[in-house]
Every structure is written in structure tokens, then in C-alpha cells.
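Listed below are the residues making up each chain.
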Amino acid sequence: MLVTTKEMFEKSMKEGFAVGAFNVNNMEIIQAIVDAAAEEKSPVILQASSSAIKYARINYLMKMIEAATEEHPDIPIAIHLDHGPDFETCKMCVDAGFTSVMYDGSKYDFEENVRVTKQVVDYAHSKGVVVEAELGKLAGIEDDVNVSDADAKYTDPAQAEEFVKRTGCDSLAIAIGTSHGAYKFKGEAKLRFDILKQIKERIPETPIVLHGASTVIPELVEQCNKYGADIPGAKGVPDEMLHTASISGVSKINVDTDLRLAMTAEIRRVFAEEPSAFDPRKYLKPARELIKQTVQHKIRDVFGSSNKA
Ligand code: G3H
Ligand code: 13P
Ligand code: ZN
């Protein structure tokens, strides 16, 4: 069934687990995620970025998600806009039937972020849609910053409290050391759980979101590289840290990179092992299966949302 994230997060905060939010771009990815969630009897969030919407086209996305909810009436499924860049994109998704939208104003200064987030919240709430906002900047390994600059990027707990009060946003994405993509850490993986704790103390009722939370699963990277990819030195957030986040007040964990790796690893394997194959189903079917296994592992072994539907 199609739901907002509100009910999911109320349960996740009460029972101490996280809901996986997986990026979708095409039919195989949607099917893999939803089939995994259904097998695990888990709530799940399907999220589409504005570039995913441009790629797949919003009507196709909505119809495929409608099909998924019809196939799985017992599984709570939310459809969420990931990193909405402006008010207009958020409005388009609200009007198209998304149950949740993110406005990402983290590129702006605090006041501008508050202003546009509030505008999105007012519109979305008038239509029964919930809003995720972001405060703080996700670090990138390419950002060669010194320690004090790096500190400035983390979400400030006092600002988070003021931001949520002034905007009325329903959930908040925070920066505690994660980053998007396959290269998250140069050395040891490190997340600032102390900052998460301070944020939870100040806004205990606000669901917290972790972006850039792929594990960059080493086996998937190895399989890609074995069959011709060039992805050296990739590194993500270890499962143990994500599990700690799940039981420490993080309600939504975003995953895109691991699904990209799973799909690429299987397609590359088939191309290498069966060079005569050219029926797309020959490689998309195993790709879909490996995405499903990847999602199932996260839901069951890391986020703890199995049997929480
Ligand atoms: O956080 C970004 C997501 O991984 C989506 O990426 O904009 O390339 O679809 P994308
Ligand atoms: P990853 O690149 O770590 O998968 O993060 C995805 C994400 O945050 C989508 O918003
Ligand atoms: Zn993100």
C-alpha cells in the first residue's frame, strides 16, 4: 500500500530500526527493491532524484510504483523525491502523487535554506505530503579540507533545533561524515555518532535521515573490477556503523551506490562469461536478482526492518 513516511518513522523511532530508502531509475530496480521488502515483510521507501525523473519520466515512474503497490498491498511503500533542488520540482512531485518530498537547501546559507524549506513544507502539507529537509553539508573525499573546515560541514545540533522549529519539516537529513558515491573515506571510516546523539537530544521527535549511506560492498566492487571495471580504492560505510545508526535514532538510510554496483557487477559478469548473449533479459534478470539480494541483506541484517510492515 502507498503511504507517507510519517507512519513508518513513528514506528521506527518507537521500535529502534531504520527504513531503507532506495533510489529507483527503472523497472528492474523497482521490482528488485519491492520484492525484497515483500519477502522481508518490511516497509520501504522508493526514492527518485530529479535526474532519475528526467531519465525514467515521471508518468512511467508513478505507474510502475502503482503496479508495485497493487502487487504488495500489505507492504507500506512510500514514494519520495530525493534531493529536490527547488520549490518547483517539489511541487511537481507533490502534484504527481509522491507521498514525500525532499527539499535540499544545504547548498544555501541557513536563512535561505529555512525560507525555501518552509515554502515547500507549506505547499506539501496542504496536500497531505511530508517533507524531508537537509542541514549541514555531506563531505566528499575530493573535498580536501582541513579539520576545522570539515567540522564546519557537520550539522550543528543547536541550528538543527532552530531549523526544525522554523520550517516545520517532518524529517531532517544530517551530515555526520557520510558522503555520496563510491569514495567516502580515504582512511578509516568514521562517523560522528556524538553529533547524532546531541541532535537526537535536541529534536527527539524528528526522524533523522542518513544520506550517502552505501556500504560500497567490497564483493560487488571486486566483481565489477574482475570483469573489466575500473573502480579502485572504493570505500563506504561499514554495515556495523549503519546498524549502530539504525538503533541510535536514524529512521531513514539512503542507498543508491550499492544498487548501481550490484547491477553493474552482474551485467558485466554475463557480458564476460557469455559474449554471445544479446537478449537484454539474459543480463537484466540476474542483475535484478543481485539488487534484490543486496536490498534484502540491508533490510534484514543491517537496518532491522524485517517484519515491521
Ligand atoms: O544522492 C544522489 C543519488 O545517488 C541520486 O543520484 O542524481 O545521479 O540520480 P542521481
Ligand atoms: P550513496 O551514494 O551512498 O548510495 O547515497 C545515496 C543517497 O544519499 C541518495 O540520496
Ligand atoms: Zn543523498
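Look up a bit, the structure's there.
First things first, this report covers the structure right here in the doc. Please read these numbers as outputs of a predicted model, since none were measured by experiment.

## Some details on the coordination of the zinc ion (ligand 3)
Coordination of the zinc ion (ligand 3) by the protein is provided by His-83 (NE2), His-180 (NE2) and His-211 (ND1), with metal-donor distances spanning 2.1 Å. Here the donor residues of the zinc ion (ligand 3) share one chain and are spaced in sequence as H-x96-H-x30-H. Note that His-83 is positioned in strand β3 (residues 77-84) and His-180 in the loop between β6 (171-174) and α9 (193-202), a separation of 97 residues in sequence. A relative accessible area of 45% means that His-180 is categorised as partly exposed.

## What about the site of ligand 2?
Lining the immediate environment of ligand 2, one finds 15 residues, of which Asp-82, Lys-184, Ser-214, Asp-256 and Thr-257 sit closest. A distance of 2.9 Å separates an oxygen atom of ligand 2 from a polar atom in the backbone of Gly-181. Between ligand 2 and Ala-213 there is a distance of 3.1 Å, counted from an oxygen atom to a backbone nitrogen or oxygen. In isolation ligand 2 has 310 Å² of accessible area, and contact with the protein removes 96% of it.

## Some points on the site of ligand 1
Every residue lining ligand 1 is accounted for by Asn-23, Ser-49, Ser-51, Asp-82, His-83, His-180, Asp-256 and Arg-260. Contact between ligand 1 and Ser-49: an oxygen atom at 2.6 Å from a side-chain N or O atom of the residue. Here ligand 1 has 300 Å² of accessible area as a free molecule, and 69% of this is covered by the chains. Residues that form the shell around ligand 1 fall into these classes: no nonpolar, 5 polar and 3 charged.

## With respect to the sheet that holds strand β5 (residues 130-135)
Spatial ordering of the closed barrel is given by β1-β2-β3-β4-β5-β6-β7-β8, a layout of 8 strands whose pairing is parallel. Taking each pair of neighbouring strands and ignoring which way they run, the sheet shows an average axis angle of 25°. Across the face of the sheet, helix α2 (residues 27-40) comes into contact with β1 (19-23), β2 (44-49) and β3 while running at roughly 165° to β2. Docked against the sheet, helix α4 (residues 58-71) engages β2 and β3, running at close to 150° with respect to β3.

## What about the environment of Ala-133?
Turning to its location among the elements, Ala-133 is positioned in strand β5. In this structure, the C-alpha to C-alpha distance between Ala-133 and Leu-172, residues 39 residues apart in sequence, is 5.1 Å. With residues up to four places along the chain from it excluded, the contact list for Ala-133 reads Tyr-103, Thr-117, Phe-163, Cys-169, Ser-171, Leu-172 and Ala-173.

## Some details on unusual backbone geometry
For Arg-57, which is not a glycine, the phi torsion comes out positive at approximately 75°. Here Arg-57 shows up in the loop between α3 (50-56) and α4. For His-83, which is not a glycine, the phi torsion comes out positive at approximately 55°.

## Section: the pattern of salt bridges
Close approach of charged atoms allows side chains with opposite charge to pair. Tallied over the entire structure, the rule returns 20 salt bridges. As a salt-bridge pair, Asp-256 and Arg-260 come within 3.0 Å of each other at their nearest N and O atoms. When the shortest N-O distance is used, the salt bridge between Glu-266 and Arg-269 registers 2.9 Å. Here Glu-266 and its partner Arg-269 are both found in helix α12 (residues 257-273), 3 residues apart, which amounts to about one turn of the helix. Assessed through its relative accessible area of 22%, Arg-269 is described here as partly exposed.

## Observations concerning the pairing of strand β8 (residues 250-255)
The buried count for β8 comes to 6 of 6 residues, which makes it a mostly enclosed element. Of the strand pairs in this sheet, β1 and β8 are connected by 4 bridges, and their pairing is parallel. Residue pairing in the sheet places Phe-22 in a bridge with Val-255 of β8.

## Thoughts on the pairing of strand β4 (residues 100-103)
In regular strands, side chains alternate between the two faces of the sheet. Neither face of β4 is open: one carries Ser-100 and Met-102, the other Val-101 and Tyr-103, and all of them are buried. Viewed along the sheet, the connection from β3 through helix α5 (residues 87-96) into β4 turns out right-handed.

## Some words on the packing of aromatic side chains
Using the criterion set out here, one finds 4 aromatic pairs in the structure. When the ring of Phe-271 is compared with that of Tyr-283, the centres are 4.8 Å apart and the planes differ by 70°; the resulting orientation is edge-to-face. A residue pair is termed long-range when its members are at least 10 positions apart, and Phe-271 in helix α12 and Tyr-283 in helix α13 (residues 280-303) qualify at 12 residues. Among the residues examined, Tyr-283 registers a relative accessible area of 17% and is labelled buried.

Thresholds, definitions, all that
- Residues numbered from 1 in each chain as written.
- Chains lettered and ligands numbered in written order.
- Predicted model: local features only at pLDDT ≥ 70, side-chain atom pairs only at ≥ 80, totals over all residues.
- Heavy atoms only, no water.
- Donors = N, O, S within 2.8 Å, 3.2 Å for Na, K, Ca; no water.
- Helix = DSSP H or I, 4+ residues; strand = E, 2+ residues; numbered from the N terminus.
- Buried < 20%, exposed > 50% of the residue type's maximum accessible area, 1.4 Å probe, protein only.
- Near = heavy atom within 4 Å.
- Polar contact = N/O pair within 3.5 Å; in protein donor to acceptor, adjacent residues only side chain to side chain.
- Areas by Shrake-Rupley, 256 points an atom, 1.4 Å probe, with all protein chains shown as cover.
- Nonpolar A, V, L, I, M, F, W, Y, C, P; charged D, E, K, R; others polar.
- Pairing = 2+ DSSP bridges.
- Axes fitted to C-alpha atoms, helices over the stretch in contact; angles between N-to-C directions.
- Contact = heavy atoms within 4.5 Å.
- Salt bridge = Lys/Arg side-chain N within 4 Å of Asp/Glu carboxyl O.
- Right-handed = clockwise from strand over helix to strand, strands pointing away.
- Phe/Tyr/Trp six-rings, centres within 6.5 Å; stacked < 30°, edge-to-face > 60°.

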